[in-house]
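Listed below are the residues making up each chain.
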Amino acid sequence: GSWVGGLVGNVMSGTISTSYATGSVTAGGSWVGGLVGNVMSGAISTSYATGFVTAYGGSYVGGLVGNNAGSISTSYWDAVTTGKGSQGCGSGTCTGATGLSTDSMMTQSNLTGFVFTDTSAWAIYKGRTYPLLRAFLKPLTIAAKDTTKVYDGKAFAGGTVVYTPSIYTASLVLGTMGGIAQGQINPGTYTIDPGTYYSTQQGYWITSKTGTLQIV
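Described in the following lines is the structure provided in the data block. Every value quoted in this text rests on a predicted model; they were computed, and no experiment measured them.

## Re the sheet that holds strand β23 (residues 204–209)
Part 1 of the reasoning: Across the sheet, which stays open at both edges, the 3 strands sit in the order β19-β17-β23 with mixed pairing between neighbours. Looking along the sheet, the strands with just one partner apiece sit at the ends: β19 (161–164) and β23. In this sheet, neighbouring strand axes are inclined to one another by 20° on average, regardless of whether the strands run parallel or antiparallel.
Part 2 of the reasoning: Sheet analysis places strand β17 (residues 138–144) next to β23, joined by 6 bridges and oriented parallel. Residue pairing for β23: T141 is matched across the bridge by T207.

Below, the structure written as structure tokens:
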């Protein structure tokens, strides 16, 4: 059919904002977009799309919007993963929509209009994720545990991290354990790096905290 979008098929009025779509969009007709198929009137703001967009034999196909007769501001589409390159809107004005590479979409400084603070709608793990909606992320702290080691002439190895809350879904915590303080031999105080972590939209907003190694 026609008027097919990753989030909405047809917008007759109103505003779509602070939203995104990542699923692939496939249709047999026209007016097909990664976020919205057809905008008859209204506005799209602070939104983006990343899913592959395909229309078999149809026209008016765009990475963000298929047909736009409304207004768009501070919105984006992944020019690589949508397969639409510079074609953000299949027809109509596309001012306010910007196509970016995948790496650029994962860098907050490239996303004008998106605000990333502790109290804003958006969160991002730079270089790891697209913008995520903060309201759906659960808070999780990963802290390196303070450790004391009696000097024995051998290099320190190991260390543990503590998760708060202690009950969490391990498969949603992605990344790498830290290594700072590994290999220290001599007496002194050293920083233990807990690691670099990230999560998905269904997961966590992770805060990492360093610990202290004391060799005495």
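That covers the picture; the talk isn't over yet.
## What to know about the packing of aromatic side chains
Part 1 of the reasoning: As enumerated under the stated definition, the model contains 13 aromatic pairs in all.
Part 2 of the reasoning: Ring centres of Y20 and Y48 lie 4.8 Å apart, and the angle between their planes is 5°; this geometry places the pair in the stacked category. On the criterion of sequence distance, the pair formed by Y20 in strand β3 (residues 15–21) and Y48 in strand β7 (residues 43–49) is long-range, its members being 28 residues apart. The pair formed by Y20 and Y48 is uniform in burial state, with each residue classed as buried.
Part 3 of the reasoning: Relative to Y168, the ring of Y163 lies with its centre 4.3 Å away and its plane at 20°, an arrangement referred to as stacked.

## Some details on the nonpolar core
Part 1 of the reasoning: Among the nonpolar cores identified, the biggest contains 26 residues, and Y48, L111, I142 and I206 are the most heavily contacted of them.
Part 2 of the reasoning: Counting residues per element, the ones that place at least two in this core are β15 (122–123), β16 (132–133), β17, β19, β22 (195–198) and β23.
Part 3 of the reasoning: Non-local contacts of L111, meaning those with residues more than four positions away in its chain, are made with Y76, L100, M105, F116, I124 and P131.
Part 4 of the reasoning: Membership of the second largest hydrophobic core comes to 14 residues, among which are V36, I44, W77 and C89.

## A few points about the pattern of salt bridges
Part 1 of the reasoning: Counted under the stated rule, the structure contains 1 salt bridge.
Part 2 of the reasoning: One salt bridge in this structure joins K149 and D152, with 2.6 Å as the shortest N-O distance.
Part 3 of the reasoning: According to the relative accessible area criterion, D152 is partly exposed, its value standing at 42%.

## Description of the sheet that holds strand β18 (residues 147–149)
Part 1 of the reasoning: One open sheet accounts for 3 strands, arranged β18-β24-β21; its pairing is mixed. Edge positions in the sheet fall to β18 and β21 (188–192), since each has one partner strand and no second. Across the sheet, the mean angle from the axis of one strand to that of its neighbour is 20°, orientation sign disregarded.
Part 2 of the reasoning: Sheet topology places β18 next to strand β24 (residues 211–215); 3 bridges connect them, and they run parallel. Residue T148 lies in a different strand from β24, and its bridge partner there is Q214.

## Regarding unusual backbone geometry
Part 1 of the reasoning: With an omega of 0°, the peptide bond between T164 and P165 qualifies as cis.
Part 2 of the reasoning: Among the secondary structure elements, P165 is positioned in the loop between β19 and β20 (174–177).

## Focus on the state of the cysteines
Part 1 of the reasoning: Under the defined criterion, the tally for this structure stands at 1 disulfide.
Part 2 of the reasoning: Two residues share a disulfide in this structure: C89 and C94, whose sulfurs sit 2.1 Å from each other. Because the torsion about its S-S bond is 70°, the bridge between C89 and C94 counts as right-handed.

## A look at the side chain of R134
Part 1 of the reasoning: In this structure, R134 sits in the loop between β16 and β17.
Part 2 of the reasoning: Buried charge without a salt bridge: R134, with D118 as the nearest opposite-charge side chain at an N-O distance of 4.5 Å.
Part 3 of the reasoning: With residues up to four places along the chain from it excluded, the contact list for R134 reads T117, D118, S120, A121, W122, A123 and W205.

The rules behind the values
- Residues numbered from 1 in each chain as written.
- Predicted model: local features only at pLDDT ≥ 70, side-chain atom pairs only at ≥ 80, totals over all residues.
- Heavy atoms only, no water.
- Pairing = 2+ DSSP bridges.
- Helix = DSSP H or I, 4+ residues; strand = E, 2+ residues; numbered from the N terminus.
- Axes fitted to C-alpha atoms, helices over the stretch in contact; angles between N-to-C directions.
- Phe/Tyr/Trp six-rings, centres within 6.5 Å; stacked < 30°, edge-to-face > 60°.
- Buried < 20%, exposed > 50% of the residue type's maximum accessible area, 1.4 Å probe, protein only.
- Core = buried A, V, L, I, M, F, W, Y, C linked by side-chain atoms within 4.5 Å.
- Contact = heavy atoms within 4.5 Å.
- Salt bridge = Lys/Arg side-chain N within 4 Å of Asp/Glu carboxyl O.
- Disulfide = S-S within 2.5 Å.
- Lys, Arg positive; Asp, Glu negative; His and termini not counted.

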